[in-house]
Amino acid sequence: MNPATAALLADALLTLHTALVLFVVGLLPLVLVGGALGWRWVHHLGLRATHLGLMLFITAQTWLGQLCPLSVWEQDLRRLAGQGGYTESFIEHWLARLLYWDAPWWVFVAAYTGFAVLVAGAWWWVRPRR
């Protein structure tokens with residue numbers, strides 16, 4: 001793979017990763033507000049199962065000490081592109097700052113676990129329907 005293609009694919013993965021983070025984090029408040037306001041779509045079983053499944057996968061990874069596969073693939077592509085890490089393209093500059101925080105591992109384990117508990121709790125507060 002040529003370096004330009006690898007860099008483009010790495011940016012695409014970073015964009016996808018950001019979209020998944022926004023989905024996982026943003027859906028919970030929408031479900032809670034929507035449940036209180038009677039929005040029907042927040043009860044959609046497939047949407048809610050996808051949300052819970054992603055959060056459980058993310059939480060299990062942190063408990064096992066594993067990095068997100070999207071992060072691993074993106075970094076591999078950046079190495080193929082000869083970047084060796086984050087250079088400062090526009091997409092990398094802004095999206096990487098949104099996704100990647102410098103904190104001890106236990107902070108992520110605690111945060112993801114707590115958020116997963118909230119997502120699971122939302123199944124009882126705003127029940128999904130078929």
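What you are looking at is a predicted structure, and each value in this text was computed from that prediction instead of being measured. (Residues numbered from 1 in each chain as written. Predicted model: local features only at pLDDT ≥ 70, side-chain atom pairs only at ≥ 80, totals over all residues. Heavy atoms only, no water.)

Asks: Please clarify how the packing of helix H1 (residues 3–37) against helix H3 (residues 69–80) should be interpreted in this entry.
Replies: Following both chains from N to C, one finds H1 and H3 inclined at 160 degrees, their axes separated by 8 Å at the closest point. When the axis of H1 is compared with that of H3, the two are roughly antiparallel. For the element pair H1 and H3, the recorded crossing hand is left-handed. Contact with H1, carried on its side by Pro3, Ala6, Ala7, Leu9, Ala10, Asp11, Leu13, Leu14, Leu16, His17 and Leu20, involves Leu70, Ser71, Trp73, Glu74, Leu77, Arg78 and Leu80 of H3 and no other residues of that element. Its residues assigned to classes, the contact of H1 with H3 comprises 13 nonpolar, two polar and three charged. (Axes fitted to C-alpha atoms, helices over the stretch in contact; angles between N-to-C directions. Helix = DSSP H or I, 4+ residues; strand = E, 2+ residues; numbered from the N terminus. Parallel < 35°, antiparallel > 145°, perpendicular 65-115°, else oblique. Left-handed = near helix turned anticlockwise from the far one by under 90°. Contact = heavy atoms within 4.5 Å. Nonpolar A, V, L, I, M, F, W, Y, C, P; charged D, E, K, R; others polar.)

Asks: Honestly, the nonpolar core in this entry has me stumped. Any pointers?
Replies: Grouped together as the largest cluster of nonpolar side chains are 12 residues: Val24, Leu27, Leu28, Val31, Val42, Leu52, Met55, Phe115, Ala116, Val119, Ala122 and Val126. Listed by contribution, the elements that provide at least two residues to this core are H1, helix H2 (45–63) and helix H5 (105–125). Excluding residues that lie within four positions of it along the chain, Leu52 makes contacts with Val119, Ala120 and Trp123. Residues Ala6, Ala7, Leu70 and Ala81 belong to the second largest nonpolar core, which totals seven residues. (Core = buried A, V, L, I, M, F, W, Y, C linked by side-chain atoms within 4.5 Å. Buried < 20%, exposed > 50% of the residue type's maximum accessible area, 1.4 Å probe, protein only.)

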